[in-house]
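Analysis of the macromolecular model
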Amino acid sequence: ALSQFVLSYSVILWYYTPKPKGLGPNSPLIRGFVVGMIFHLGTLALGALLTCLLRPAHLVLGSLADHAGPDSKNPICGAVARCLGCCIERYQKYLQHLSGHAYIDVCI
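What counts, and at which threshold
- In this numbering scheme, every chain counts its residues from 1 along its sequence in written order.
- Local features in a predicted model are, by the rule used here, given only for residues with pLDDT of at least 70; side-chain atom pairs are given and counted only at 80 or more, and totals for whole chains, interfaces and linings are based on all residues.
- The side-chain quantities take in all heavy atoms of the structure and omit both hydrogens and water.
- For this analysis, a ring pair means two rings from Phe, Tyr or Trp (six-membered ring only for Trp) whose centres lie within 6.5 Å, classed as stacked if their planes differ by under 30 degrees, edge-to-face if by over 60, and tilted for the remaining angles.
- Helix and strand definitions here come from DSSP, where helices need a minimum of 4 consecutive H or I residues and strands a minimum of 2 consecutive E residues; each element is numbered from the N-terminal end.
- Throughout this description, buried means an accessible area under 20% of the type-specific maximum (1.4 Å probe, protein chains only), exposed means over 50%, and partly exposed covers the range between.
- The criterion is simple. A nonpolar core is a set of buried Ala, Val, Leu, Ile, Met, Phe, Trp, Tyr and Cys residues joined through side-chain atoms within 4.5 Å.
- When checking whether two residues touch, look at their non-hydrogen atoms; a contact exists if any pair is within 4.5 Å.
- Confidence scores per residue from the predictor, reported as pLDDT, run from 0 to 100.

Observations concerning the packing of aromatic side chains
How two aromatic rings sit relative to each other is set out by the distance from centre to centre and by the angle between their planes. A full pass over the atoms with the stated rule returns 2 aromatic pairs. With a centroid separation of 5.9 Å and an interplanar angle of 25°, the aromatic rings of Phe5 and Tyr9 are classed as stacked. Here the residue Phe5 and the residue Tyr9 both occupy positions in helix H1 (residues 2-16), the gap between them amounting to 4 residues, near one helical turn. As far as the burial class goes, Phe5 and Tyr9 line up, both buried.

What follows is the structure in structure tokens.
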């Protein structure tokens, strides 16, 4: 979690910092590490915990959502998808965005 945050912070810092042509910000990786450890440690820990705990549901519902649909060739998968339609909708609305890329939102 911290490494993803540091990399995202460095990219955001480079992109949004006004700089002369050809020059970038000073030591963006070290600054990202310090900011992550001081200001965002709780957010990173909670995000890592939720990502770890929800990974099995993410894999199962993601696979089911990919293979089930109105044009599904597998009738059993389609029936299961209709039974778990509410779970799949909640997955697509909330869990699909909870991944390692969520740390980019913390940086911005």
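Topic: unusual backbone geometry
Excluding glycine, residues mostly carry a negative phi; peptide bonds, for their part, are mostly trans. In this model, Ser27 sits at a positive phi of 40°, which is unusual for a non-glycine residue. Residue position: Ser27 is located in the loop between H1 and helix H2 (28-39).

Here's the deal with the nonpolar core
Core analysis: the biggest nonpolar cluster contains 8 residues, these being Phe5, Tyr9, Ile12, Leu13, Val35, Leu44, Tyr103 and Cys107. Elements represented by at least two residues in this core include exactly H1 and helix H6 (102-107). With 4 residues, H1 is the largest single contributor of residues to this core. Sequence-distant contacts of Leu13, defined by excluding residues within four places in its chain, comprise Pro25, Pro28 and Arg31.

Points about the confidence of the model for the protein
Scored by pLDDT, the protein comes out at a mean of 78, with 83% of its residues at no less than 70. Of all secondary-structure elements in the protein, the lowest mean pLDDT belongs to helix H5 (residues 85-93), at 72, while H2 reaches the highest, 92.

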